[in-house]
Amino acid sequence: MRRMHTETGGTGQALYEKAKGVIPGGTQLLSKRPELFLPGQWPSYYRSCRGVEVVDLDGKRYVDMSINGVGACILGYADRDVDGAVKRAVEGGSMCTLNPPEEVELAELLCELHPWADMVRFARGGGEAAAVAVRIARAATGRDKVAFCGYHGWHDWYIAANLADGGNLDGQLLPGLLPAGVPRGLEGTALPFVYNDPSSLELILEREEGCIAAVVMEPVRHSEPEPGFLSRVRDMAAAAGAVLIFDEVTSAWRMNPGGIHLLLGVNPDMAVFAKGMSNGYPMAAVIGVRDVMEAAQKTFISSTYWTERIGPAAAIATIGKIVREDVPRHLCGIGASVRQGWESLGRKHGLKVVTQGIPPLSVFSLDYGEEAGAMHTLFTQEMLRRGFLSSRAFYATYAHTEAHVQAYLSGVDEVFGLLSTAVESGIVTDLLDGPAAHSGFRRLA
Ligand SMILES: Cc1ncc(COP(=O)(O)O)c(C=O)c1O
């Protein structure tokens, strides 16, 4: 393939321009859109990655202090132990008429780590696994409707929430998700409630008495549950005869080996895992209590590539390392250092910095109203110049060291200083080499 080089964004931006002509929306995952980071300048494509280091198509090297494979690579890129297990799986044949024994080992391992769960089904993506969980819950209860909060992927059951009110999903992580192509008949089947507001769920359960198949939620996202919130949800779901599903696609494996609900002391009826469990190789799991999971036999849930060997082999190796080396402890330490750095450097430069999230999934924002978007973009632009892939979010990996954090924070020190002067002088936009980053979902021009 011939590659061109643009003045600002290098070969990656030229390739991305080409991509938009052949791939609607440019990328397969919204969160990897270059416009969400640095329109026109983000390196966009990688040649190789290992540990925390990324090499772009022009051979430029960066330390990844952003979302590290969208949270999928907890151990760091190209982890040798996981890759070794994957290579052995490939050498033994990754696909066969017979089933890979690794899936039974993985099912047992997940049930061992989550003693409340009895059975497991597998898929290969998070949204897909959440859809499997919802289908099983609907089959188990014979009901149609789902109460939810948080983000759960692209599938019809979830995006249907925006058929009734285009803003229903706005408070749930990604604003602006459009329901075009989702059957109108699903209107009113996905009903959002508000995290940490049990009365918002209570209202739905009362209004829809006898109709709610499942309550689906992330046990933690940007904020911790208020004391008693999760157990209240647990009780309300049980009283309503609805299946409680914890979507742990992003929250699991980072604070503790398994779902974060184990730490929070509230067990669901089903839990969903995906990225994070297999360090970048496609794998997903739905675990659950026997009564509910057996309903998977009443409905057709079946897919060829859910039977390949690489995913379970990668997951067994990843989970083994997470447990053996107490990876969550490292992630919490690294995440806390980055967050404390943002906070203290914000104070040093008189910037209004707000942080949130569990330590391994830390996020900061600059609290400057309409100007914040341009400021965040300037942050990314200036950190990129200093050799860091950075955004407002930092997802810690086992490959990050305190030395990476210190090098990053000296960059942040300079850039926060620059931002502080820029905002005081009203020249933030003047310092941007391109437009401000997009936030949320929108159609590309
Ligand atoms: C909580 C949660 N559920 C579902 C998904 C969708 O997973 P995937 O992108 O693998 O389909 C995500 C992805 O970020 C997530 O964070």
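Only a predicted model underlies this, so the values are computations on that prediction, with no experimental measurement involved. (Residues numbered from 1 in each chain as written. Predicted model: local features only at pLDDT ≥ 70, side-chain atom pairs only at ≥ 80, totals over all residues.)

Draft legend 1. Up close: the environment of glycine 387. Inspection of the secondary structure assignment puts glycine 387 in the loop between helix 13 (372–385) and strand 13 (388–390). Note: C-alpha distance between glycine 387 and glycine 411 (24 residues apart in sequence) is 9.0 Å. Those residues within four positions of glycine 387 in sequence are excluded, and the remaining contacts are Arg61, Tyr62 and Val63. (Helix = DSSP H or I, 4+ residues; strand = E, 2+ residues; numbered from the N terminus. Contact = placed C-beta atoms within 7 Å.)

Draft legend 2. Expanded view of unusual backbone geometry. Here the phi dihedral of asparagine 68 falls at roughly 40 degrees; this positive angle occurs in a residue that is not glycine. Tracing the backbone through its elements, the reader meets asparagine 68 in the loop between strand 3 (61–65) and helix 2 (80–91). The exposure class of asparagine 68 is buried, given the 24 C-beta atoms found within 10 Å. The backbone of alanine 78 shows a phi angle near 50 degrees, a positive value even though the residue is not glycine. Checked against the element boundaries, alanine 78 lands in the loop between strand 3 and helix 2. (Buried ≥ 20, exposed ≤ 12 C-beta atoms within 10 Å, placed from the backbone.)

Draft legend 3. Inspection of the domain arrangement of the chain at higher detail. The domain boundaries assigned to the chain delineate domain 1 (10–78 + 326–431) and domain 2 (95–308). Here the C-alpha centroids of domain 1 and domain 2 sit 29 Å apart. Taken together, the contacts link 16 residues of domain 1 with 13 residues of domain 2. Sorting the residues of the side of domain 1 that touches domain 2 by element identifies helix 12 (327–348) and strand 12 (361–366) as the ones contributing at least two each. Ranked by residues supplied to the side of domain 1 that touches domain 2, first place goes to helix 12 with 3 residues. By residue class, the composition of the side of domain 1 that touches domain 2 is 12 nonpolar, 4 polar and no charged. (Domains from an automatic or database assignment. Nonpolar A, V, L, I, M, F, W, Y, C, P; charged D, E, K, R; others polar.)

Draft legend 4. Representation of the sheet that holds strand 11 (residues 353–356) in the model. With respect to topology, 3 strands assemble into an open sheet ordered 11-12-14, the strand pairing being antiparallel. Either end of the sheet is taken by a strand with one partner, and the two such strands are strand 11 and strand 14 (393–395). Adjacent strand axes in the sheet meet at a mean angle of 20 degrees, parallel and antiparallel pairs treated alike. Pairing of strand 11 with strand 12 involves 4 bridges; the strand directions are antiparallel. If you follow threonine 355 over to strand 12, its bridge partner there is phenylalanine 364. Sheet strands touched by helix 12: strand 11, strand 12 and strand 14. Its angle to strand 11, the strand with the most contacts, is close to 160 degrees. (Pairing = 2+ DSSP bridges. Axes fitted to C-alpha atoms, helices over the stretch in contact; angles between N-to-C directions.)

Draft legend 5. Molecular detail of helix 2. With 12 residues, helix 2 extends 16 Å between its outermost C-alpha atoms, agreeing within 8% with the 16 Å of an ideal straight helix rising 1.5 Å per residue. Of the residues making up helix 2, those classed as buried are Val82, Ala85, Val86 and Ala89. Viewed end-on, helix 2 has its buried residues packed into an arc of 100 degrees, placing them on one side of the element. Seen from the open side of helix 2, the exposed residues pointing more than 90 degrees away from its buried face are Arg80, Gly84, Lys87, Arg88 and Glu91. Buried positions along helix 2 lie against helix 11 (310–324). Once helix 2 finishes, glycine 93 follows within two positions and takes phi at roughly 95 degrees, a positive value. (Expected span 1.5 Å × (residues − 1). Arc of directions from axis to C-beta.)

Draft legend 6. Region of interest: the packing of helix 13 against helix 14 (residues 402–425). As a packed pair, helix 13 and helix 14 sit with axes 10 Å apart at the nearest point and diverge in direction by 140 degrees. By the angle class used here, helix 13 and helix 14 are oblique. Considering the relative orientation of helix 13 and helix 14, their crossing is right-handed. Two secondary-structure elements touch here, helix 13 through Met375, Leu378, Phe379, Glu382 and Met383 and helix 14 through Gly411, Val415, Leu418, Leu419, Ala422 and Val423. The residue makeup of the contact of helix 13 with helix 14, split by class, is 9 nonpolar, 1 polar and 1 charged. (Parallel < 35°, antiparallel > 145°, perpendicular 65-115°, else oblique. Left-handed = near helix turned anticlockwise from the far one by under 90°.)

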